[in-house]
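Now for the letters of each chain:
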Amino acid sequence: MKPATLLFFVLAAALFGLAVHSRGQAPAQPPEALTGFDDQSNGFSDPDRRKTDQKFFEEIEHIAPDGLGPLYNAQSCRECHQTPVAGAASQVSELRVGHVDAHGFFQNPEIPIHHGAEVIKDRTLVNDRAICAEIQEHAPDTETVRTTRLTTNTLGDGYVEAIADETLLNIRKQQCQASHRKICGQAVKVPVPESEGHDRIGRFGWKDQHASLLAFAADAYLNEMGITNRLQKTEVTTICNPPVTTTIPNTDPTKITEPNSLPDPTDNNLEDIDHFTSFMRSLKAPARDETAAATPEAKRGAELFTKIGCATCHVDTIVTGKSPASPGGPGLHPEAVENHAIHPYSDFLLHNVGTGDGIAVALVEHFGRERVEKRFREEKAAGAEVKELAGKPEDECSESYQTAIAEGEKHPNLVRDTMCARDKIRTAPLWGLRLRSRLMHDGGSVQVEEAIRRHSGESAKVTEKFVKLKSADQKALLVFLQSL
């Protein structure tokens, strides 16, 4: 092959977001990930195990003996993940707030409850529900940075979890090069449970705050339902909590244990979060509307989607690597999500597209104080430059600085790297797009075209290209998106 021809294909792959493969994977065409809305396993779990896991995912939690609250948003996982099947997205949103201090740094809110007797700190989430009236949270007027965030879809997330870090970094490198550094996703390494290995690049949540579905489940169990567990052991508040018993197992329906969720010796010592996690890992990826996708107009729209640059971030095809899933009990098969081709239409990286909410990741909220302090000790031992954002944040948050981190020339730093991403949002995966009535991270758009036109920042040139398309071409691109 002539050098010029080879160069053309290399550039085309980078520019048009073609399949990205993990290093070391076999060159043979990988099998397609299973898709569908049939409530069947993708192979990760046996049918009986999946049925059991789904019962836990859909279970309605109560104040006692389950430990619901005292502050919470929902009573089950399914309440926020249900359209059209358990594990999908929904119209449910949550409220997050904070403020910027005199030095320009984001600060978590301080929310008084119980007539000022206690102040909720270390989190940006404002819970919409409480188990007693006197502790209901209300955002103070000092918290001027405010946003809502829609529930994320978890269908296909077992495959997403299995994407190798190096694959995500290769996507980042390709889009940086192809766009002459105008579009460069930020990858943030985040803590994962010890049972699932070392820190990995985040890929779950609107801020990529988790790389592990186990950590994601534990976070949601505490912060969305108020239920403590082995990874999130500390209550947000104990006001109004039922009495605590030390009798295990707890046979008193008026009392709770701490942590609320304990290993079940009759169920392989699994906790609720283990069942939530294996259920999410068993979910098939969202299925396309194949009839709509097969039309000439949708096919033309797919070509335009790539041509104008949407696929730079909304990457069509990614090949998964090895799943980091811990054993999690019997009936599980991690290999079922490994080395599969998925079509998420996302790079799972953070970008500033002009719609960022300005909210930084509240570390203690998402990881727990014990894990955050452990991470700080590890960073210090590794020679990280700073323990907190200071000095010249504009340099530390620059694209070149983030590139140096991604390429291993500078040490990751959890505080700095998440603070630098406060105006960024994870590229929304577009699989299952047609199932959403509200769009963007905040649900502020209700039409696909409106959502496209909101894109600015890194994606400004791509949006401009869309606007300049002929009316028929715009319509074709929208038809393609509505087939996803």
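Up top is the structure these notes are about.
Attention here is on the structure that accompanies the text. These numbers come from a predicted model, not from an experiment. (Residues numbered from 1 in each chain as written. Predicted model: local features only at pLDDT ≥ 70, side-chain atom pairs only at ≥ 80, totals over all residues. Heavy atoms only, no water.)

For A285, the position within the fold is in the loop between α6 (272-281) and α7 (290-293). Residue classification places A285 among the buried residues on the basis of a relative accessible area of 3%. Taking the C-alpha atoms as reference points, A285 and L95, 190 residues apart in sequence, are found 28 Å from one another. With residues up to four places along the chain from it excluded, the contact list for A285 reads L34, T35, G36, L155, G156, Y159 and W431. (Helix = DSSP H or I, 4+ residues; strand = E, 2+ residues; numbered from the N terminus. Buried < 20%, exposed > 50% of the residue type's maximum accessible area, 1.4 Å probe, protein only. Contact = heavy atoms within 4.5 Å.)

On to empty space enclosed by the protein, then. Taken as a whole, this structure holds 6 cavities of 30 Å³ or more when the rule is applied. What lines the largest cavity is P191, V192, P193, H210, A215, A218, D219, L231, Q232, H366, F367 and R371. For the lining of the largest cavity, the elements supplying multiple residues, two or more each, are α5 (213-223) and α9 (363-367). The dominant element in the lining of the largest cavity, judged by the number of residues it contributes, is α5, at 3 residues. (1 Å grid on protein atoms, 1.4 Å probe; cavity = no way out; pocket = protein on both sides within 12 Å on 5 of 7 lines; lining within 4 Å. Points joined across faces, edges and corners; volume = space filled by probe spheres on them.)

Below, the discussion takes up the layout of surface pockets. Looking at the largest pocket, its volume works out to about 910 Å³. Put simply, the parts of the chain that give the lining of the largest pocket at least two residues each are β14 (425-426), α14 (448-454), α15 (460-468) and α16 (471-481). Its residues assigned to classes, the lining of the largest pocket shows 27 nonpolar, 16 polar and 5 charged. (Nonpolar A, V, L, I, M, F, W, Y, C, P; charged D, E, K, R; others polar.)

Tallied over the entire structure, the rule returns 3 disulfides. The disulfide partner of C132 is C240, and the gap between their sulfur atoms is 1.7 Å. Where C132 bonds to C240 through sulfur, the torsion about that S-S bond is close to 85°, and the disulfide is right-handed. With C132 in the loop between β7 (129-130) and β8 (145-150) and C240 in the loop between α5 and α6, this residue pair connects regions lying 108 residues apart in the sequence. (Disulfide = S-S within 2.5 Å.)

To continue, consider α15. Where α15 is concerned, the buried positions are V462, T463 and F466. Angular distribution of buried residues about the axis of α15 spans 100°; they occupy a single face of the element. Across from the buried face of α15, at angles greater than 90 degrees, the exposed residues are K461 and K468. Contact partners of the buried residues in α15: α14 and α16. (Arc of directions from axis to C-beta.)

At a minimum axis separation of 9 Å, α5 and α6 run at an interaxial angle of 125°. Here α5 lies oblique to α6, going by the angle between them. In this structure, α5 crosses over α6, and the sense of that crossing is right-handed. Along the contact surface, α5 presents L213, L214, F216, A217, A218 and Y221, while α6 presents D272, I273, D274, F276, T277, M280 and R281. (Axes fitted to C-alpha atoms, helices over the stretch in contact; angles between N-to-C directions. Parallel < 35°, antiparallel > 145°, perpendicular 65-115°, else oblique. Left-handed = near helix turned anticlockwise from the far one by under 90°.)

What follows concerns the side chain of S41. Topologically, S41 is positioned in the loop between α1 (3-15) and α2 (47-58). Reaching out from S41, the side chain makes a polar contact with the backbone nitrogen of G43 at a distance of 2.9 Å. At 2.8 Å, the side chain of S41 and the backbone oxygen of S45 are in polar contact. Filtering out sequence-adjacent residues up to four positions away, S41 remains in contact with L34, R50, S282 and K284. (Polar contact = N/O pair within 3.5 Å; in protein donor to acceptor, adjacent residues only side chain to side chain.)

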